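Residue strings, one per chain:
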Amino acid sequence: MTVRELRLKSIFLRKQLLKYIYHAKAGHTGGSLSCTDILNVLYNKVLNVDPKNFKDPDRDRYIQSKGHSVEALYVTLADKGFFPEDDLETLCAYGSNYIGHPTKKVNGMEQNTGALGHGLPICVGEAIAAKLDEKNHRIFTLLGDGELPEGSNWEAFLAAAHYNLDNLYAILDYNKQQITGNNEDVMRIDSVKEKLQAFGWEVREVDGHNIEELIEALNNGPFKVGKPNFIIAHTIKGKGVSYMEGNLKWHHGVPSDEQYEMALNELNESQSLI
Amino acid sequence: MELDKIEEKELRMGVPNQVVFSNTLQELAVTDRDILVTTSDSRGSGKLVPFAEKFPDQVVEVGIAEQNLVGVAAGLASAGKKAFAVSPACFLSARALEQIKNDVCYSDNPVKLVAISAGVSYGALGTTHHSLHDFAALRAINNITIVAPADNYETEQAVRSAVNFNQPLYLRFGKKAMPFLNEQNESFEFGKGRIIRRGDDVTIIATGEAVYPAWSAAKVLETERGVQATVVSMHTIKPLDVGLIADMASNGRPIVTVEEHMVNGGLGEACASYLMQNGFHNAFKIIGIPDEYTVTGSQVNIFDHYGISAEGLKETVLNILS
């Protein structure tokens, strides 16, 4: 898939996730839009995963620690053929497998996540197992900046460096906002790069909406042999829909009919410019 | 089984159950390289130093970080490893409870959670080091089997069963040397209680290290009062062997439960719930640690203080019979 095709795919995925959030009247809109480009690049350019043989033991693992942005993952997996897109019409409906956080009932999901600070420790276990078995697959997780204060992340940062897990990639969806407000006001996590370096990780910083930069960072690891990989992806919450961008209301806001139409119009216009 | 088929002998003294855990795992690890032990600076308490010396590549040390211990073990189990996450019960079942609930049970990663020095094994160290909540907390979580072996036999069997058990499991061990309570060559199975002594007057259902005082009380009751007690080692708290409980209750005799756990939410309340909802109205008493600031001292001191002893349980049984 070319960079242009990936850019178009990102627009498509944004429209898809808005459609299903609008339909379900539920979802984490802002965070899903902020990680759409990351997931797009992961699934279309980086991860070795096969929807028809998802349980292949040699597959790359992707465990989404910021589970609440599941809508972005759903539409990405549906687009890859992990399940029929129509299934998403049941998003958050009574008895549906397509709930507000990842579950293994859905083909393509590695773990049940949603409670924050859980994805990385599981990835550390997966990465240690891969090393023990001398396997070459890689382990990826996506962290939200709002979950970084969870202490379990820092326990896992230590362990990943201790075990020299250069097969582990933690991507930070750094949109700098969380449900209550800006990270800066809720709990400062500044100097992330320096903190992670001090914890023994090799760090890269990218524009999390720049397809080329994401491909370059995610496909060229390990950054340093023997060190776990940390990618700070600078993102914008609500990316792609101007009235949502940086507006906290859209953390889990659901668009009205009029707002939904405005969003689609804007995304269609963006699409026409690619 | 017939009530008179169990011969009572003098008890042979064993070693701490957690030593048996370590020894059994060492034996199994020789041929099974997928067995991994994850520890949180707890290999000494877990008697795992010899294991770590023999199988250094089969130990994943995470330092004092119990949440990470369980999360990492979940990842290892997800990758096909037979992951034993070993940590003192007090920390494992409280500090890492959310990891147990989500990463192990909800995600159905078959981690073997090994809770060492459980109950009041660390008696004199105080409440921070007691685990009197773990049965209650874990009983309220879906998809976990909870096992507290009474003696070395049950421990060895539990560890052997655990290795290829493909579901989340919580194994709870104490640190005190335990006598062999019943060395008859009978089968051991998760979810099936074991009758270790039979008598017609009263049933004592106990678990873990509280089974020995229950057995001792039965001996004293017989010797001093001619009272015949059946003693059950209900090593599996969940799923509970309700068939055996029904058998015990069906003749109407009183039932006393005994556990090294708070009286809230443990073995006793699990039994009571079953009995009340199934039409049994036996006289019934739960013996455990009451809902108060727990007294400190050795495990024996604390057991004596709360009546988890031959004398204490004798009095409880005599009261309920009267």
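As recorded by an unreviewed UniProt entry, chain B carries the name Transketolase family protein and is attributed to Euzebyella marina. Taken from UniProt, the Sequence similarities (unreviewed entry) comment for chain B reads in full: "Belongs to the transketolase family." The UniProt entry for chain B carries this comment under Cofactor (unreviewed entry): "thiamine diphosphate".

The name an unreviewed UniProt entry gives chain A is Transketolase, with Euzebyella marina as the organism. Recorded under Sequence similarities (unreviewed entry), the UniProt text for chain A is reproduced unchanged: "Belongs to the transketolase family."

A. View of the nonpolar core. A:Val124, B:Leu113, B:Ile204 and B:Ala214 are the most contacted members of the largest nonpolar core, which totals 161 residues. Each of domain 1 (14-179) and domain 2 (194-321) of chain B gives at least three residues to this core. Setting aside anything within four residues of it in sequence, one finds B:Ile204 in contact with B:Ala214, B:Ala217, B:Ala218, B:Ala229, B:Val231, B:Val256, B:Val258 and B:Leu313.

B. Geometry of helix H1 (residues 3-24) of chain A. Residue and element names in this part refer to chain A. Helix length check: H1 (22 residues) gives 31 Å between terminal C-alpha atoms against 32 Å at 1.5 Å per residue, within 8%. Along H1, the residues that are buried comprise Arg7, Lys9, Ser10, Ile11, Leu13, Arg14, Gln16, Leu17, Leu18, Tyr20, Ile21 and Tyr22. Of the surrounding secondary structure, the elements contacted by the buried residues of H1 are helix H2 (29-46), helix H3 (70-80), helix H8 (211-218) and helix H9 (257-272). Where H1 terminates, the next one or two residues include Lys25, which has phi positive at roughly 60 degrees.

C. Here's a closer look at the domain arrangement of chain B. Residues and elements named next belong to chain B. According to the domain assignment, chain B consists of domain 1 (14-179) and domain 2 (194-321). Averaged C-alpha coordinates put domain 1 and domain 2 at centres separated by 25 Å. Taken together, the 26 residues of domain 1 in the interface contact 27 residues of domain 2. Those elements that provide at least two residues to the side of domain 1 that touches domain 2 are helix H6 (134-139), strand S6 (145-147) and strand S8 (177-179). Residues that form the side of domain 1 that touches domain 2 fall into these classes: 13 nonpolar, nine polar and four charged.

What counts and what doesn't
- Residues numbered from 1 in each chain as written.
- Chains lettered and ligands numbered in written order.
- Predicted model: local features only at pLDDT ≥ 70, side-chain atom pairs only at ≥ 80, totals over all residues.
- UniProt positions renumbered as here; feature names shortened; annotations may be inferred.
- Core = buried A, V, L, I, M, F, W, Y, C linked by C-beta atoms within 7 Å.
- Buried ≥ 20, exposed ≤ 12 C-beta atoms within 10 Å, placed from the backbone.
- Domains from an automatic or database assignment.
- Contact = placed C-beta atoms within 7 Å.
- Helix = DSSP H or I, 4+ residues; strand = E, 2+ residues; numbered from the N terminus.
- Expected span 1.5 Å × (residues − 1).
- Nonpolar A, V, L, I, M, F, W, Y, C, P; charged D, E, K, R; others polar.

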